[in-house]
Structures are given as structure tokens and as C-alpha cells.
Amino acid sequence: MKRQIITIDEEKCNGCGICAEKCFEGAIQIIDGKARLISDLFCDGLGACIGDCPVGAIKIEEREAKPYNERAALEENIIPKGKETIIAHLKHLKSHREIKLFNEAMKVLKENNISITEDDLDLKDTLPCGCPGTMGKVLEEKNIGSDYEEQNERLSRLRQWPIQLQLINPNAGYLDNCELLIAADCTAFACGSFHEKFIRGKITIIFCPKLDKNNDEYINKLTEIFRNKNIKSIIIARMEVPCCGGTEVIVKKALDKAGVNIPIKTEIIKIR
């Protein structure tokens, strides 16, 4: 199957071992002075190791790989390291909203007579990969009424967090069966009614096709979302400037790669 999984640039890797320490699933080991991915079965593709690499030797790619095996990762690599590693792994799953894997992990722990409580996890303070800004959240849409909006400030229509494509987990539950807004970064600043006209009722993804340096990764991530999440429709919001046309190019390449037919509409926003 094709899925997201880490890849390690051995030329950049200095063998510091930080990634191996942060990989609770045991997918990475230091061998011959270099970090190595020892088994696809143990890599969940969530990238806990990426932010800790001091030389930027690790990234996520989409390729043919064996499915991640939560049971094998737990029994072979996580449980033998003790309770603190088990808790760190469970927090890692929760922070990325991997509820299915979390429930499977709890089942395996129960089978092995290992008790982990909500107090042990202390989930209110869980930060994915050490960064509070990437924690996945579903946001409730407020509906107070037009009088409130006119007398106070316009309400945010954002339905989830994060929104930056680089930070979004392509397996997040909020992507299931959604209407998707894919917007270039500048659009919300140029359109005063952006929340009401574009964001309301949709899941939002933003990126900059000109300044971001991850276009191939963006195509791969969008491909995975389009292929697996039964997206109902896509609205692309881009600026009128030529370079912003890359927004459409990236989305359409991902659609072609995913091999799915999703209704798509492009809205072009003028600078003034």
C-alpha cells in the first residue's frame, strides 16, 4: 500500500541519536553511526522525530510501505521500555487524533495486564511533537446571531486546527466526508468577508505555492487526503497574481495522482 512514512537522508545524518530516542515505536535505530528506519511496520508516519532532528535529515514521503502495525510496535519495542515510554506513545497518538490506533493500543495493553489511566496520560497538557501549535482540534461553530456580529466582531468560522498544510495530519478525523477549502495564504487578508464567503461550513487548508518549499510533499499529502477521505467538494481560493496559480497546479496534480473525481471550483481574489 502507499502511505506516509519517514525517509532519512544519510548524508545529512550525523548519528546524534535524538530521533531514535523520540521514536517511541522503535522504528529508528542508530546503526554504523547513522539513523536507519529498521521496519516499515513500526513507523506510524506521524513524524514525531522530524522536529527533533538538528540537521534536517528526516522528512515524510509517500511511498509503497507495509501498513503500520500498532500491536507489533507495542509488544516488540514500546512495552519493554517501561511505563513512561508507553505513556509517551499514547500521548503521541492522542495528540494526532489517532483514536483508532489509541484504542487498539489500550486493547493490547489490557491483554498484557498493563493498566494506564487518564490520570497517567494527563491529556490536557499533551503537546504533539513538543509543539502546542500543531495539536489537532475540532472547533465548534458559534451561531450567536446577526445583532451580536454587527455590534461586536465578526465570528470566526474556522472548524479545525491546524490549517497549514505542512502541519495537517492527513489521517485526521475532521477530514472525513468534508467540503474542503484550499486557500493561498494571502487570500484571507485581501477578502474582508473571507470567513463567511469561504470558510463557513468547510475544512480549511492553507499554503503558499510560491514561498513554501514543500510543493512535492504538499502534492503527496493532498493525494493521500483526496484518496482516503471521501472529500465531497473542493474550493480553491487564490490571488489574481500569476504566481498564485501554483495553488491550482498543486491541487490538480494531487487529484490526478489520487485518481479520484471530486467537484472543484476556483475563486480568484483581486488585490483590491
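Numbering of residues starts from 1 in each chain and follows the order in which that chain's sequence is written. Per-residue local features are limited, in this predicted model, to residues with pLDDT of at least 70; the limit for side-chain atom pairs, both in listing and counting, is 80 or more; totals at the level of whole chains, interfaces and linings are taken over all residues. Heavy atoms throughout the structure, all of them, feed into the side-chain values; hydrogens and water do not.

A word on the pattern of salt bridges
At step 1: One speaks of a salt bridge when a side-chain nitrogen belonging to Lys or Arg is within 4 Å of a carboxyl oxygen belonging to Asp or Glu. In this structure the tally under the stated criterion is 15 salt bridges.
At step 2: As a salt-bridge pair, R71 and E111 come within 2.8 Å of each other at their nearest N and O atoms. Taken together, the residues R71 in helix α2 (residues 70–78) and E111 in helix α4 (residues 99–111) connect sequence positions 40 residues apart.
At step 3: Here the term buried applies to any residue with accessible area under 20% of the maximum for its type, exposed to any over 50%, and partly exposed to those in between, with areas from a 1.4 Å probe on protein chains only. Taking the relative accessible area as the measure of exposure, E111 reaches 44% and is therefore partly exposed.
At step 4: Here the salt bridges do not stand alone but share partners, grouping D40, E61 and R63 into one network. Think of it this way: any DSSP run of H or I at least four residues long counts as a helix, any run of E at least two long counts as a strand, and we number them from the N terminus.

Digging into helix α3 (residues 83–95)
At step 1: For α3, spanning 13 residues, the distance from its first C-alpha to its last is 18 Å, which sits close to the expected 18 Å at 1.5 Å a residue.
At step 2: For α3, the set of buried residues is T85, I86, I87, H89, L90, H92, L93 and S95. Here the expected span of a helix is defined as 1.5 Å times the quantity of residues minus one.

A few points about the side chain of D212
At step 1: Here D212 is to be found in the loop between β8 (203–207) and α9 (215–228).
At step 2: Polar contacts, as used here, are pairs of N or O atoms within 3.5 Å; protein pairs need one atom able to donate a hydrogen and one able to accept it. Residues neighboring in sequence count only if both atoms are side-chain atoms. Side-chain polar atoms of D212 contact the side chain of Q164, separated by 3.5 Å.
At step 3: A polar side-chain atom of D212 sits 2.9 Å from the main-chain amide nitrogen of C208.
At step 4: Any two residues having at least one pair of non-hydrogen atoms within 4.5 Å are treated as being in contact. Beyond its immediate stretch of four places on either side in the chain, D212 contacts Q164, F207 and Y218.

Points about the packing of α3 against α4
At step 1: The geometry of α3 relative to α4 is characterised by a closest axis approach of 8 Å and an angle of 155° between their N-to-C directions. Considering the angle they form, α3 stands roughly antiparallel to α4. In this structure, the crossing between α3 and α4 has a hand that is left-handed. Contacts from I86, L90, L93 and K94 in α3 reach I99, L101, F102, A105, M106 and L109 in α4.
At step 2: Asp, Glu, Lys and Arg are counted as charged, while Ala, Val, Leu, Ile, Met, Phe, Trp, Tyr, Cys and Pro are counted as nonpolar; the rest, among them Gly, fall into the polar class. Class assignment for the residues of the contact of α3 with α4 results in nine nonpolar, no polar and one charged. Inter-axis angles, ranging from 0 to 180 degrees, are taken between N-to-C directions of lines fitted to C-alpha atoms, where helices are fitted over the stretch in contact. An angle below 35 degrees is read as roughly parallel, one above 145 as roughly antiparallel, one from 65 to 115 as roughly perpendicular, and any other as oblique. Here a crossing is taken to be left-handed if its near helix is turned anticlockwise relative to the far helix by less than a right angle, and right-handed if that turn runs clockwise.

Considering the confidence of the model for the protein
At step 1: A residue's pLDDT is the predictor's confidence in that residue, given on a scale from 0 to 100. Mean pLDDT over the protein stands at 85; residues scoring 70 or higher make up 86%.
At step 2: The lowest-confidence element of the protein is helix α6 (residues 146–151), averaging 50 in pLDDT; the highest-confidence one is strand β7 (residues 179–184), averaging 97.
At step 3: Taken together, the stretch residues 124–134 has pLDDT below 50 and engages in 19 contacts with residues farther than four places along the chain or on a different chain.

Things to note about the packing of α2 against α4
At step 1: The geometry of α2 relative to α4 is characterised by a closest axis approach of 9 Å and an angle of 45° between their N-to-C directions. In terms of orientation, α2 and α4 fall into the oblique class. The handedness of the crossing between α2 and α4 comes out as right-handed. Note on element contacts: α4 touches α2 through L101, E104, A105, V108, L109 and E111, opposite E70, R71, L74 and E75.
At step 2: Looking at side-chain class alone, the contact of α2 with α4 contains five nonpolar, no polar and five charged residues.

Quick look at the pairing of strand β1 (residues 2–8)
At step 1: Among the seven residues that make up β1, five are buried, leaving the element largely enclosed by the rest of the structure.
At step 2: Two elements, β1 and strand β4 (residues 58–64), share seven bridges in a ladder whose sense is antiparallel. Bridge pairing links K2 to E64 in β4. Here, a strand pair is defined by DSSP locating no fewer than two bridges between the strands.

Observations concerning unusual backbone geometry
At step 1: Of note, the amide linkage connecting W161 to P162 takes the cis form, showing an omega dihedral of 5°.
At step 2: Along the polypeptide, P162 turns up in the loop between β6 (160–161) and β7.
At step 3: Non-glycine residue N177 carries a positive phi angle of around 55°.
At step 4: Position of N177 among the secondary structure elements: in the loop between β6 and β7.

Points about the packing of aromatic side chains
At step 1: Between rings of Phe, Tyr and Trp, where Trp is taken as its six-membered ring, a pair exists when centres lie within 6.5 Å; planes separated by under 30 degrees are stacked, by over 60 edge-to-face, and by other angles tilted. For the structure on display, the rule yields two aromatic pairs.
At step 2: Ring centres of F194 and F198 lie 4.9 Å apart, and the angle between their planes is 40°; on these two criteria the pair is classed as tilted. Highlighted residues: F194 and F198, both in helix α8 (residues 194–199), separated by four residues, approximately one helical turn.
At step 3: Judged by its relative accessible area of 4%, F194 is buried.
At step 4: Seen in terms of ring centroids, F207 and Y218 are 5.3 Å apart; in terms of plane orientation they differ by 55°. Their pairing is tilted.

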